[in-house]
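Listed below, chain by chain, are the residues.
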Amino acid sequence: KAEASAIPEDRRRVVTKIARLVRDSDFRRKVTVAYDRKCAVTGLQLRLIDAAHILPVGATGSIDEVTNGLCLSPTFHRAYDRALIYLTEDHRMMIDERRRQDLLRLGLGGGLPEFEAYLGRQIFLPADRLQWPSVDMIRRANRFRKT
């Protein structure tokens, strides 16, 4: 065993306390199965998908049901969580023009045309219509994100 003082300062282990919101551990499985394990925006599987909440976990009224979930690739999940993109009531993923312009102004628009190529059309939806995104959740999420 190495002495703690022998470990370089930048490699010492630090114990921290993290507060996280509790959510249903089965949410990911239910959402990914409903979407046939495909990204709702790109249609790609590749075992590289996340279950994203439409109305974020921390928002009042958020639920851990498939109707409040989307199956997204990590890039689109982050873009959605950061409100770069949003879902319309007719199930189209769109870019927030203000945030798009901010990226361009900051010189951070690399890859934007390729990213936008997937937007504007209806997302891939679950086969079971009862599992489609809730219009109420979409409305609440868009208000929450101020899109």
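As a reminder, the structure under discussion sits directly above these lines.
For clarity, every value in this text was computed on a predicted model and none was experimentally measured.

A word on the layout of surface pockets
For step 1, the next point in the chain: Computed from the structure, the largest pocket encloses a volume of approximately 290 Å³.
For step 2, the next point in the chain: Contributing to the lining of the largest pocket are 13 residues, with T75, A79, L84, L103 and F115 lying nearest its centre.
For step 3, the next point in the chain: Listing elements by their share of the lining of the largest pocket, those giving two or more residues are helix 2 (74–81), helix 3 (97–105) and helix 4 (112–116).
For step 4, the next point in the chain: Here the lining of the largest pocket takes 3 residues from helix 2, the largest share from any one element.
For step 5, the next point in the chain: Of the residues in the lining of the largest pocket, the class split is 6 nonpolar, 4 polar and 3 charged.

Observations regarding a nonpolar patch on the surface
For step 1, the next point in the chain: Taken together, L44, L46 and L48 make up a surface patch of nonpolar side chains, about 320 Å² in accessible area.
For step 2, the next point in the chain: Relative to the assigned elements, L46 resides in the loop between helix 1 (27–34) and strand 1 (50–53).
For step 3, the next point in the chain: Look at L46 and you get exposed, because its relative accessible area is 61%.

Things to note about the state of the cysteines
Here, disulfide denotes a covalent bond that connects the sulfur atoms of two cysteines.
For step 1, the next point in the chain: A complete count under the given rule lists 0 disulfides for this structure.
For step 2, the next point in the chain: Looking at C39, it has no disulfide partner, and the nearest cysteine sulfur is the one in C71, 6.8 Å off.
For step 3, the next point in the chain: By relative accessible area, C39 is classed as buried at 1%.
For step 4, the next point in the chain: Residue C71 is classed as buried on the basis of its relative accessible area, which comes to 0%.

Re the nonpolar core
For step 1, the next point in the chain: L70, L72, Y80, I85, M93 and F115 are the most contacted members of the largest nonpolar core, which totals 32 residues.
For step 2, the next point in the chain: If you list the elements that add at least two residues to this core, you get helix 1, strand 1, strand 2 (69–72), helix 2, strand 3 (85–87), strand 4 (93–95), helix 4 and helix 5 (135–145).
For step 3, the next point in the chain: Those residues within four positions of L72 in sequence are excluded, and the remaining contacts are C39, A40, V41, L48, I49, D50, A52, H77, Y80 and M93.

Observations concerning the packing of aromatic side chains
For step 1, the next point in the chain: Overall, the coordinates contain 2 aromatic pairs when judged by the stated rule.
For step 2, the next point in the chain: Taking 5.9 Å as the distance between ring centres and 85° as the angle between the ring planes, the aromatic pair formed by F76 and Y118 counts as edge-to-face. Of this pair, F76 sits in helix 2 while Y118 sits in the loop between helix 4 and helix 5; the two residues are 42 residues apart in sequence, bridging distant segments of the chain.
For step 3, the next point in the chain: The class of F76 is buried, set by a relative accessible area of 5%.
For step 4, the next point in the chain: Every member of this aromatic cluster is reached through a ring pair, and the members are F76, F115 and Y118.
For step 5, the next point in the chain: Above the ring of Y80, the side-chain terminus of R145 is found at 4.2 Å from the ring centroid.

Thoughts on the pattern of salt bridges
For step 1, the next point in the chain: The final tally for this structure, using the stated rule, is 10 salt bridges.
For step 2, the next point in the chain: Among the salt bridges present, the one from D96 reaches R99, with a minimum N-O distance of 3.3 Å.
For step 3, the next point in the chain: Notably, a salt bridge pairs E116 with R100, separated by 2.6 Å at the nearest N-O pair. Of this pair, E116 sits in helix 4 while R100 sits in helix 3; the two residues are 16 residues apart in sequence, bridging distant segments of the chain.

As for helix 2
For step 1, the next point in the chain: Of the residues making up helix 2, those classed as buried are F76, H77, A79 and Y80. Projected down its long axis, helix 2 shows its buried positions confined to an angular sector of 165°, all on one face.
For step 2, the next point in the chain: Positive phi shows up at A83, right after helix 2, with a value of about 65°.

Parameters and conventions
- Residues numbered from 1 in each chain as written.
- Predicted model: local features only at pLDDT ≥ 70, side-chain atom pairs only at ≥ 80, totals over all residues.
- Heavy atoms only, no water.
- 1 Å grid on protein atoms, 1.4 Å probe; cavity = no way out; pocket = protein on both sides within 12 Å on 5 of 7 lines; lining within 4 Å.
- Points joined across faces, edges and corners; volume = space filled by probe spheres on them.
- Helix = DSSP H or I, 4+ residues; strand = E, 2+ residues; numbered from the N terminus.
- Nonpolar A, V, L, I, M, F, W, Y, C, P; charged D, E, K, R; others polar.
- Patch = residues over 30% accessible without salt bridge, like charges linked within 9 Å, V, L, I, M, F, W, Y side chains within 5 Å.
- Areas by Shrake-Rupley, 256 points an atom, 1.4 Å probe, with all protein chains shown as cover.
- Salt bridge = Lys/Arg side-chain N within 4 Å of Asp/Glu carboxyl O.
- Buried < 20%, exposed > 50% of the residue type's maximum accessible area, 1.4 Å probe, protein only.
- Disulfide = S-S within 2.5 Å.
- Core = buried A, V, L, I, M, F, W, Y, C linked by side-chain atoms within 4.5 Å.
- Contact = heavy atoms within 4.5 Å.
- Phe/Tyr/Trp six-rings, centres within 6.5 Å; stacked < 30°, edge-to-face > 60°.
- Lys NZ or Arg CZ within 6 Å of the ring centre and 35° of its normal.
- Arc of directions from axis to C-beta.

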